[in-house]
Amino acid sequence: MIKKYDISGEDFSLAGEASSNFKSVLKRLGISTEIVRRVSIAMYEAEINTIIHGGGGECEAEIKSNAISVTFRDNGPGIANLELAMQEGYSTASEKIRELGFGAGMGLPNIKKYTDDMLIDTAPGKGTTLTLIINL
Amino acid sequence: MLLSDIKKILDAEVLSGEDDAALCKKDIHTACGCDLMSDVLAFVKDQSLLLTGLINSQVIRTAEMMDIVAVCFVRGKTPAEDVIELAKDKDITILSTQLPLYTACGMLYDEGLRGRSND
């Protein structure tokens, strides 16, 4: 099963709708609570990143027989220094985003923590494609 | 600790409409006091209460992803109606207390409600 979502970069109050919808799908399918929580947290972090850093994009979430795979694509500025971005506490988020409770530099480290595999394809000016894999 | 007891300890108002009988059915095992949703997302425990001074919709979204049972807004803050409606839709109880975050957390800790250990 594949679900596709448009991630709007315009309205931050809508951030999390894709993750919320996919969480409902997983629960309806009877996926275990622990797997649902790991997918939800990682997906929500990635959705927030797609909005605040990528200016919006698209998401494709697939439930396979042995894994759940979620890919986010944006056409934002890309990640200039991936090594730094992976460090807890490092963030390039604006003050406005920080006031909303995000931009603490925990996004990518948290995603890595809750997934079995995390693939990032990014370069300055090229945008970012992030794939999360959680094994079933 | 029952959510009804938490409401009493914090002298909190229920913004999501549940009566005391409904609050008695929600058992809280741990609590987290935090304004950084990024940090909340690093905090995973079942049956939790989140105390925060932030009142935007992302607080509810974060609670939803973490399976957080209830959110208590501190310092008398009241979120917009659409935030309350989102919480109701996700079956997340919303409380509001006049107490500041540190005091509210301290009072619950004193009554035996603990946070996450460093395990």
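Above this text is the structure in question.
All figures in this text were calculated on a predicted structure; none of them were measured in a lab. (Residues numbered from 1 in each chain as written. Chains lettered and ligands numbered in written order. Predicted model: local features only at pLDDT ≥ 70, side-chain atom pairs only at ≥ 80, totals over all residues. Heavy atoms only, no water.)

1. Details of helix H5 (residues 81-89) of chain B
All names here are of chain B. As a reminder, the rule being used: Only protein chains enter the area calculation, which uses a 1.4 Å probe; residues under 20% of their type maximum are buried, those over 50% are exposed, and those in between are partly exposed. Strands are runs of DSSP state E lasting at least two residues, helices are runs of H or I lasting at least four, and both sets are numbered from the N terminus onward. Of all possible arcs, the one meant is that of the directions from the helix axis to the C-beta atoms. Contacts are residue-level and defined by heavy atoms, with any inter-residue pair within 4.5 Å sufficient.
Of the positions making up H5, those classed as buried are Val-83, Ile-84, Leu-86 and Ala-87. All buried residues of H5 fall inside an arc of 160° around its axis, so they share one side. When the buried face of H5 is taken as reference, the exposed residues oriented beyond 90 degrees from it are Glu-81, Asp-82 and Asp-89. Of the surrounding elements, those touching the buried residues of H5 are helix H4 (57-65) and strand E5 (93-96).

2. A word on helix H5 (residues 107-114) of chain A
Most of H5(A) is tucked away: six of the eight residues are buried. Along H5(A), the residues that are buried comprise A:Gly107, A:Leu108, A:Pro109, A:Asn110, A:Ile111 and A:Tyr114. Lining the buried residues of H5(A) we find helix H2 (33-52), helix H3 (82-85), strand E4 (117-123) and strand E5 (127-135) of chain A together with helix H3 (37-40) of chain B.

3. Section: the environment of B:Glu64
Inclusion rule: In protein, a polar contact requires one atom able to donate a hydrogen and another able to accept it; more generally it is a pair of N or O atoms within 3.5 Å, and residues adjacent in sequence count only if both atoms are side-chain atoms.
Structurally, B:Glu64 is set in helix H4. Placed 26 residues apart in sequence, B:Glu64 and B:Lys90 show a C-alpha to C-alpha distance of 6.8 Å. Discounting chain neighbours no more than four positions away, the residues touching B:Glu64 are A:Ser20, A:Lys23, B:Lys90 and B:Ile92. Among the polar contacts made by the side chain of B:Glu64, one reaches the side chain of A:Ser20 at a distance of 2.6 Å.

4. Some words on the pattern of salt bridges
Rule in force here: By definition, a salt bridge exists where a carboxyl oxygen of Asp or Glu is found within 4 Å of a side-chain nitrogen of Lys or Arg.
On inspection of all chains with the given rule, the structure shows 14 salt bridges over all chains. Note that B:Lys26 is salt-bridged to B:Glu18, the shortest N-O span being 4.0 Å. Note on B:Lys26: relative accessible area 15%, which makes it buried. Each member of the salt-bridge network shares a partner with another, and the members are A:Glu17, B:Arg61, B:Glu64, B:Asp89 and B:Lys90.

5. A closer look at the pairing of E4(A)
Residues in a regular strand project their side chains so that they alternate between the two faces of the sheet. What counts, and what does not: Criterion used throughout: strands pair if DSSP finds at least two bridges between them.
Pairing geometry for E4(A) and E5(A), over seven bridges, is antiparallel. Note that in E5(A) the partner of A:Ala123 across the bridge is A:Gly127.

6. With respect to the packing of H2(A) against H4(B)
Where we set the bar: Each axis is a line fitted through C-alpha atoms, taken for helices only over the stretch in contact, and angles between the N-to-C directions span 0 to 180 degrees. Roughly parallel covers angles under 35 degrees, roughly antiparallel covers those over 145, roughly perpendicular covers 65 to 115, and oblique covers all other angles. Residues are grouped as follows: Ala, Val, Leu, Ile, Met, Phe, Trp, Tyr, Cys and Pro are nonpolar; Asp, Glu, Lys and Arg are charged; all remaining types, including Gly, are polar.
Put simply, H2(A) and H4(B) touch, their axes get as near as 9 Å, and they point 150° apart. Taken together, the axes of H2(A) and H4(B) lie roughly antiparallel to each other. Taken together, the residues of H4(B) that come into contact with H2(A) (itself represented by A:Arg37, A:Ser40, A:Ile41, A:Tyr44 and A:Ile48) are B:Gln58, B:Arg61, B:Thr62 and B:Met65. Across the contact of H2(A) with H4(B), the residue classes break down as four nonpolar, three polar and two charged.

7. Let's talk about the sheet that holds E5(A)
Residue and element names in this part refer to chain A. Read across the open sheet, the five strands follow the order E1-E2-E3-E5-E4; overall the sheet is antiparallel. The open sheet has two free edges, formed respectively by strand E1 (2-7) and E4, since each of these has just one partner strand. Averaged over all adjacent pairs, the angle separating strand axes in this sheet is 10°, with direction ignored. Direction of pairing for strand E3 (residues 67-74) relative to E5: antiparallel, over a ladder of eight bridges. The residue of E5 that forms the bridge with Val-70 is Leu-132. Where helix H1 (residues 17-28) meets the sheet, its contacts fall on E1, strand E2 (57-63) and E3, and the angle it forms with E1 comes to roughly 165°.

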